[in-house]
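The primary structure of each chain is shown beneath.
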Amino acid sequence: MSRRPLVRECPPTSWYFRQPRYLRYMSREITSIFVGAYCVLLVVGLQRLSAGPAAWDGFLLALRSPASVVFQFLALVAAVYHAATWFNATQKAMPLQIGEDFVPGNIISGAHYVAWGVLSVVVLFLAGVF
Amino acid sequence: MAKSHKPVVWFPFAAGGTVIAFCIPVIVLLTFLAALGHVPAGLSYDKMHSFAVSVLGKLIIFGVVALSLWSSAHRLRCTCYDFGLRADTLAAAVLYVAAIIGSVASAVFLLRI
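All figures in this text were calculated on a predicted structure; none of them were measured in a lab.

Enquirer: Honestly, the overall build of chain B in this entry has me stumped. Any pointers?
Expert: Each helix and strand in chain B was counted, giving four helices and zero strands. In chain B, the succession of helices and strands from N to C terminus is α-α-α-α. A compact globule built from 113 residues should have a C-alpha radius of gyration of about 13 Å, whereas chain B, at 17 Å, is more than 25% larger. Counting across all 113 residues of chain B, residues that qualify as buried make up 48%. When contacts within chain B are restricted to residue pairs at least 6 apart in sequence, long-range pairs at least 24 apart make up 63% of them. Split by element, the accessible area of chain B, about 5800 Å² in all, is 78% carbon and sulfur.

Given below as structure tokens:
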């Protein structure tokens, strides 16, 4: 009798359709594409800023093209989704022990959400949005 | 003793992930407002220039951009692998080199301001 080791077949390009949790994992992975592209946009913006007022105003004007509006919207959704999942993971990634007990996970994640909200409001205020 | 180069990649990745989570959504919101035609006062050339001309401003901008680039490069590498691209060494080389070029370029642009 020959011994046949179990070989699990795993389709390399479509494995994540097998389980909802794999799909959730991949939906988070996809946000890296938009965030990465947005980082490139930031570098371009820095170059425009260093090139002077006319170049910067041209950059702001280029942001208003329809393709840019769609991209920024998708990047905003991706960035918020990445942030929310990141903060949800903090309670697993850095559990906090005080004495004998662990601090409840939702307090750790909640503290991150509060800090995120405060920081965002401060940045919006400094940027003159309100 | 076995040594791993993983911490070198991991530290900027984790720091970048935190920076992206805290800072990028509000930055995207600002440029999204600009894209919709409501340019926030803080995005005017004078305001941006006076922020980027200070040493603190340069450090903040460079920290956010460079860490976000590095973290994104690492995440994109994992994403490539998960979508079935098995040439991991190639993907890692291309993405990390791109992140380094972007970081150096940001530093050069900032020093020119």
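Enquirer: Before we go on, may I ask you to explain the interface of chain A and chain B in this structure?
Expert: A common way to report how large an interface is uses the accessible area buried once the components associate. Listed as interface residues are 50 residues of chain A and, on the opposing side, 51 residues of chain B. Taken as a group, A:Leu46, A:Leu49 and A:Trp86 account for 13% of the area that chain A buries against chain B, more than any other trio of residues on that side. Scanning the region where chain A abuts chain B turns up zero salt bridges. Counting the contacts that link chain A with chain B gives 12 residue pairs in polar contact (both at pLDDT 80 or more). Mapped onto the side of chain A that touches chain B, the elements with two or more residues apiece are helix H1 (20-50), helix H2 (53-62), helix H3 (66-93) and helix H4 (105-126) of chain A. For the side of chain A that touches chain B, the element with the highest residue contribution is H1(A), accounting for 18 residues. For the side of chain A that touches chain B, a count of residues per class yields 34 nonpolar, 13 polar and three charged.

Enquirer: What is the right way to read the packing of helix H1 (residues 6-35) of chain B against helix H3 (residues 55-82) of chain B from this model?
Expert: Residues and elements named next belong to chain B. Relative to each other, H1 and H3 sit at 115°, their axes nearing to 7 Å. For the element pair H1 / H3, the angle class is roughly perpendicular. Both H1 and H3 take part in a crossing whose hand is left-handed. Here Val9, Pro12, Phe13, Ala15, Gly16, Gly17, Val19, Ile20, Cys23, Ile24 and Ile27 of H1 come into contact with H3, specifically with Val64, Leu67, Ser68, Trp70, Ser71, Ser72, His74 and Arg75. Considered class by class, the residues forming the contact of H1 with H3 number 12 nonpolar, six polar and one charged.

Enquirer: How do you make sense of H4(A) when you look at a structure like this?
Expert: Side chains three or four residues apart in an α-helix point the same way, a direct result of the helix having 3.6 residues per turn. Taking 1.5 Å of rise per residue, 22 residues should cover 32 Å, and H4(A) covers 32 Å from first to last C-alpha, within 8% of that figure. Tucked into the core, H4(A) has its buried residues touching H3 of chain A together with H1 of chain B.

Enquirer: It is not clear to me how the layout of surface pockets should be interpreted in this structure. Could you clarify?
Expert: In this model, the largest pocket occupies a volume close to 880 Å³. Surrounding the largest pocket, 30 residues form its lining, B:Ile27, B:Leu30, B:Met48, B:Phe51 and B:Ile61 being those nearest its centre. Mapped onto the lining of the largest pocket, the elements with two or more residues apiece are H1, H2 and H4 of chain A together with H1, helix H2 (45-53) and H3 of chain B. Top contributing element to the lining of the largest pocket by residue count: H1(A), with six residues. Residue composition of the lining of the largest pocket, grouped by class: 25 nonpolar, four polar and one charged. In terms of lining residues, the second largest pocket is bounded by 17 residues, among which A:Arg28, A:Trp86, A:Ala89, B:Trp10 and B:Phe13 are the most central.

What counts, and where the lines are drawn
- Residues numbered from 1 in each chain as written.
- Chains lettered and ligands numbered in written order.
- Predicted model: local features only at pLDDT ≥ 70, side-chain atom pairs only at ≥ 80, totals over all residues.
- Heavy atoms only, no water.
- Helix = DSSP H or I, 4+ residues; strand = E, 2+ residues; numbered from the N terminus.
- Rg over C-alpha atoms; globule rule 2.2 N^0.38 Å.
- Buried < 20%, exposed > 50% of the residue type's maximum accessible area, 1.4 Å probe, protein only.
- Contact = heavy atoms within 4.5 Å.
- Areas by Shrake-Rupley, 256 points an atom, 1.4 Å probe, with all protein chains shown as cover.
- Buried area = accessible area lost by both parts, 1.4 Å probe.
- Salt bridge = Lys/Arg side-chain N within 4 Å of Asp/Glu carboxyl O.
- Polar contact = N/O pair within 3.5 Å; in protein donor to acceptor, adjacent residues only side chain to side chain.
- Nonpolar A, V, L, I, M, F, W, Y, C, P; charged D, E, K, R; others polar.
- Axes fitted to C-alpha atoms, helices over the stretch in contact; angles between N-to-C directions.
- Parallel < 35°, antiparallel > 145°, perpendicular 65-115°, else oblique.
- Left-handed = near helix turned anticlockwise from the far one by under 90°.
- Expected span 1.5 Å × (residues − 1).
- 1 Å grid on protein atoms, 1.4 Å probe; cavity = no way out; pocket = protein on both sides within 12 Å on 5 of 7 lines; lining within 4 Å.
- Points joined across faces, edges and corners; volume = space filled by probe spheres on them.

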